[in-house]
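Residue-level structure breakdown
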Amino acid sequence: MTAAFILAINLFIAGIFAVAFGVVAATNRTARGAGWLAGGYALGIVDVVLELVLPEQADPTPVAVGIFLVFLIGQTFCLIGVARHYRVLPPWIAIAAISTLSVLAIPLIFTLDYGSPLRSLAYQLPYFAMHSLIVFTIFRSRWRQALDVLLMVLTAITALLYLVRPLIVWIVGTANAPQGYMATTYAAISQSVGAVTLIAMALVLLLVIMRDTAAEMNIRSETDSLSGALNRRGFDAHAERLLAQAQRTGAPLALVTADLDHFKAINDGFGHAAGDMVIAHFASLLRGSAAAAAIVSRLGGEEFAVLMPDATIAEGRRYAETVRTALAAAPLSGLGVDQRVTASFGVAQAMPGDTLFDLSRRADAALYRAKASGRNQVSAALADLSPTPTPQRGLA
């Protein structure tokens, strides 16, 4: 199998993945790095085309320099794409340093003997550095799922292979001039290794993007767009897991349900836009006062629920009082509502053998009592409260 044939395969592979990443970028706005990756693989196409026309050049230096720089820029695009996907800042200083040193080294690289291992080492070092930066970028993101580790390992292997190429040159030799590169054993080995690493890294990158895109779509499907809290579907899914864990470990679990008082009057008096801002403000208060592990949900309309792991009914009540006081005291004229807004709360604690329906039913019953008692109150589920000890005779 000649190097030219393998190079043609690389052209086809680069084209496929450039289109694949381009389609992902065009159809999914959350795939932040896909556009950069598409650009990187598109430059891989340009690089292969330059490799194919190199043997026909009387003076190979301009095309050879173009191959060197185009491939380096393509790797830079891939590095930026990986950083964007993993939501870390691209290492701009390191990128600028590698790019600057590579450009400054061009006169040295292209005046060394073409077939020497020293020239090969100087030529491959920037590629090794760029791939090392990709490994560092993924590591810095602290994502440690199996695909992320696999991507780091593949990228590290690819980086090391760039350092192995000078050794291959020393062992099997290469041409005396760039125009003869395609006919050498070294070219066949180098292009074969390039094809394997190109496919492996691109496939894993696509899998990573698909995994994270699916996760983000799932999050969006469970999130209420107005309040930013979980919707009922998201609440049920996460609450069931937390309740099962609490039942298994015996840890306390409190549920707080809340309902904005006279919300219809707010919508009627100040408009639905103002009502929407009140809902968003209330959701912000609920999130801001809750522990990080708590689940905050908008069940529908003006109804909310907060599930608090490792919290007793007393702690749930204190939390509800904190939010109730903050809401009642907050001036909402900036939201277009020139009146005090209040909410009522019900609190219940999970009991042994409870289902989510049982827990919710008791919290809702407490909420209804708070409403019936005049609103702007916190009511606890009576069945969850410990009975008051009966004083023994003779004790005050």
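Residues numbered from 1 in each chain as written. Predicted model: local features only at pLDDT ≥ 70, side-chain atom pairs only at ≥ 80, totals over all residues. Heavy atoms only, no water.

1. Some thoughts on the overall build of the protein chain
Using the following cut-off: For helices the rule is a DSSP run of H or I covering at least 4 residues; for strands it is a run of E covering at least 2, with both sets numbered from the N terminus onward. This radius of gyration counts C-alpha atoms alone. The globule rule is 2.2 Å times how many residues there are, raised to the power 0.38. For every residue, the accessible area obtained with a 1.4 Å probe (protein chains only) is divided by the maximum for its type, and the residue is called buried under 20%, exposed over 50%, and partly exposed between those limits. Contact criterion: two residues are considered in contact whenever any of their non-hydrogen atoms come within 4.5 Å of each other. We get accessible surface area from the Shrake-Rupley algorithm with a probe of 1.4 Å; when it comes to residues, only the shown protein chains can shield them. Counting rule for charge: Lys and Arg are taken as positive, Asp and Glu as negative, and neither His nor the chain ends is counted. For charged residues, the charge sits on one atom: NZ in Lys, CZ in Arg, CG in Asp, CD in Glu.
Scanning the protein chain from terminus to terminus reveals twelve helices and five strands. Against the 2.2 N^0.38 benchmark of 21 Å for 396 residues, the protein chain shows a C-alpha radius of gyration of 32 Å, more extended than a compact globule. In terms of principal-axis extent, the alpha carbons of the protein chain reach across some 105 × 50 × 35 Å. For the protein chain, the proportion of its 396 residues judged to be buried stands at 47%. Partitioning the intrachain contacts of the protein chain with sequence separation of at least 6 by distance along the chain shows that 72% fall at a separation of at least 24. Accessible surface, the protein chain as shown: approximately 19400 Å² in total, 65% of it carbon and sulfur. Here the protein chain contributes 28 positively and 26 negatively charged side chains, and the mean placements of these two sets differ by 6 Å.

2. Quick word on the packing of aromatic side chains
For clarity, the cut-off: Between 30 and 60 degrees the pair is tilted, below 30 it is stacked and above 60 it is edge-to-face, where a pair is any two Phe, Tyr or Trp rings, Trp via its six-membered ring, whose centres lie within 6.5 Å.
Counting across every chain of the model gives twelve aromatic pairs. The interplanar angle of 45 degrees and the centroid separation of 5.9 Å between the aromatic rings of F68 and Y127 together place this pair among those described as tilted. With F68 in helix 3 (residues 61–85) and Y127 in helix 5 (residues 117–141), this residue pair connects regions lying 59 residues apart in the sequence. The same class applies to F68 and to Y127, which are both buried. Three or more aromatic residues link up through ring pairs in this structure, and these residues are F68, F71, F110, Y123, Y127 and Y162.

3. Thoughts on helix 5
What counts is decided by this rule: Multiplying one less than the number of residues by 1.5 Å gives the expected span of a helix.
With 25 residues, helix 5 extends 36 Å from end C-alpha to end C-alpha; this agrees with the ideal 36 Å at 1.5 Å per step. Where helix 5 terminates, the next one or two residues include R142, which has phi positive at roughly 65 degrees.

4. Topic: the pairing of strand 1 (residues 253–260)
We count it as follows: Paired strands, in this sense, are two strands between which DSSP finds at least two bridges.
For strand 1, the buried fraction is high: eight of the eight residues fall into the buried class. Looking at chain direction, strand 1 and strand 3 (residues 303–309) are connected through seven bridges and run antiparallel. Looking at strand 3, one finds that L253 is bridged to P309. Where strand 1 lies against strand 4 (residues 343–349), seven bridges are found, and the strand directions are antiparallel. Looking at the pairing, A254 lines up with Q349 of strand 4.

5. Examining a nonpolar patch on the surface
The condition that has to hold: Exposure above 30% relative accessible area and the absence of a salt bridge qualify a residue for a patch, where like charges join within 9 Å and nonpolar side chains (Val, Leu, Ile, Met, Phe, Trp, Tyr) within 5 Å. The working definition used for a salt bridge is a side-chain nitrogen of Lys or Arg within 4 Å of a carboxyl oxygen of Asp or Glu.
Together, L118, L121, L125, L160 and L163 make up a nonpolar patch on the protein surface, roughly 420 Å² of accessible area in all. Within the residue set of the nonpolar patch, elements represented by two or more residues are helix 5 and helix 6 (146–172). With three residues, the single largest contributor to the nonpolar patch is helix 5. On the secondary structure map, L118 appears in helix 5.

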